[in-house]
Amino acid sequence: MNYLQTLHDQIERMIRSFIQMLPTLGISLLILMATWVVAKFAIRIADRITGRTHIREDLKQLLDTIVRLAIWLIGIVIALTVAIPSFTPAGAFAGLGVGALAIGFAFQDIFENFLAGVLIMLREKMRIGDLIECKQITGKVERITLRETHIRQLSNELTIVPNSVLFKNPVKILTDQVVRRDEIMVGVSYDCDLEDAQRVLREAVEALPTVSKDRPVIILARTLGESSVDFLVQWWATTTPRDMRLTRSEVVIAVKNALDAAGIEIPYPTVTNRLPDLPDVETEPRITELVG
């Protein structure tokens with residue numbers, strides 16, 4: 001009976017303590033609601049200020065995140081101070097120091113991606129809208145957050161890549177410049193005049209309107225192949241994926257038509273088989289007797 005009475009008394013004390021804390025809990029909830037409202041308006045003000053500048057979109061997102069985190073951190077600390085009178089910011093920081101090592105190991109990947117996201121947003125390259133290539137992923141950067149980057153692949157699939165992957169691995173930015181160089185290999189017959197073939201290839205590529213006129217078209221005899229002399233054909237075109245594909249298609253068609261019109265053959269690979277000399281065999285007539 002004493003145990004039951006003790007348990008009953010403890011439950012009553014807990015209920016009384018909870019009822020006494022209700023006003024402070026209500027005030028804490030009001031503080032959190034006010035924090036939400038202040039954070040919302042602060043982000044709007046930050047967006048209005050940055051909208052008048054030429055800051056990149058990813059830096060605007062970083063600024064919004066920092067403002068939101070700062071306001072919520074202050075609001076949560078105030079709410080905890082009101083709800084728990086014994087709570088102090090100094091004591092909270094001291095308590096965090098005890099478990100900082102364990103928290104660091106537990107959330108190592110999250111912190112790594114967070115720091116990588118901040119560094120990616122601060123650097124000048126790889127902006128939203130760029131076409132990038134990293135670890136067999138090629139696509140357009142749609143969004144950069146503090147933990148991950150959204151990449152829309154050329155097949156219209158969305159790939160979410162952790163920021164640490166983009167920060168620790170080489171990233172090829174395909175749209176960093178307005179124009180980009182592309183190339184193909186063209187083989188011509190050994191019987192043709194190579195200088196004439198070089199001229200035909202250059203004129204065919206330079207005549208295309210999608211090929212950049214500000215950069216030279218380069219035609220170089222590259223190798224002596226098994227069945228052809230291979231020319232390296234290089235040109236410059238705009239960096240959008242669609243323009244690159246269309247320009248390559250137009251170059252291939254123009255080169256084929258120009259070589260056909262000039263009577264220059266694009267040979268197929270040929271294989272020559274040499275057989276050893278066989279000794280002559282004298283054949284004698286064979287007589288077949290039919291026994292009837």
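Further up the page is the structure itself.
Treat the numbers as computed from the prediction; the structure is a model and nothing was measured.

What counts, and at which threshold
- Each chain carries its own residue numbering, running from 1 in the direction its sequence is written.
- Only residues with pLDDT of at least 70 get local features here, since the model is predicted, and only at 80 or more are side-chain atom pairs given and counted; chain-wide, interface and lining totals rely on the full set of residues.
- Values reported for side chains reflect all heavy atoms of the structure, with hydrogen atoms and water molecules removed beforehand.
- To qualify as a helix, a DSSP run of H or I must reach at least 4 residues; to qualify as a strand, a run of E must reach at least 2; elements of each kind are numbered from the N terminus.
- Under the scheme applied here, a residue whose accessible area is under 20% of the maximum for its type counts as buried, over 50% as exposed, and between as partly exposed, the area being computed with a 1.4 Å probe on protein chains only.
- Polar contacts, as counted here, are pairs of nitrogen or oxygen atoms within 3.5 Å of one another; within protein the pair requires one atom able to donate a hydrogen and one able to accept it, and residues that are adjacent in sequence qualify only if both atoms are side-chain atoms.
- In what follows, residue pairs with any heavy atoms lying within 4.5 Å of each other are defined as contacts.
- Salt bridge, as used here, is a side-chain nitrogen of Lys or Arg placed within 4 Å of a carboxyl oxygen of Asp or Glu.
- Between any two strands, at least two bridges found by DSSP are needed for them to pair.
- Throughout, an axis means a line fitted to C-alpha atoms (over the contacting stretch in the case of helices), and angles, computed between N-to-C directions, take values from 0 to 180 degrees.

Caption draft 1: Local environment of the side chain of S164. Structurally, S164 can be placed in helix α5 (residues 163-168). Since its relative accessible area comes to 10%, S164 is described here as buried. A distance of 2.7 Å separates polar atoms of two side chains, one belonging to S164 and the other to N113. In contact with S164, other than residues within four places in its own chain, are E112, N113 and A116.

Caption draft 2: Just the pattern of salt bridges, in detail. Scanning the entire structure with this criterion turns up eight salt bridges. As a salt-bridge pair, E203 and R199 come within 3.3 Å of each other at their nearest N and O atoms. Taken as a pair, E203 and R199 lie in helix α6 (residues 194-206) at a separation of four residues, close to a single helical turn. The closest approach of N and O atoms between K256 and D260, which form a salt bridge, is 2.4 Å. Here the residue K256 and the residue D260 both occupy positions in helix α7 (residues 241-261), the gap between them amounting to four residues, near one helical turn. The exposure class of K256 is partly exposed, given its relative accessible area of 41%. Because the salt bridges share partners, they merge into one network encompassing D196, R199 and E203.

Caption draft 3: Broad picture of the sheet that holds strand β7 (residues 218-224). Read across the open sheet, the three strands follow the order β6-β8-β7; overall the sheet is antiparallel. The open sheet is flanked by β6 (179-188) and β7, the only strands paired with a single partner. Across the sheet, the mean angle separating the axes of adjacent strands is 25° when strand polarity is ignored. Here six bridges tie β7 to strand β8 (residues 229-238), and the two strands are oriented antiparallel to one another. By the bridge assignment, I218 is partnered in β8 with Q234. Across the sheet, α6 is in contact with β6, β7 and β8; its angle to β8 comes to roughly 20°.

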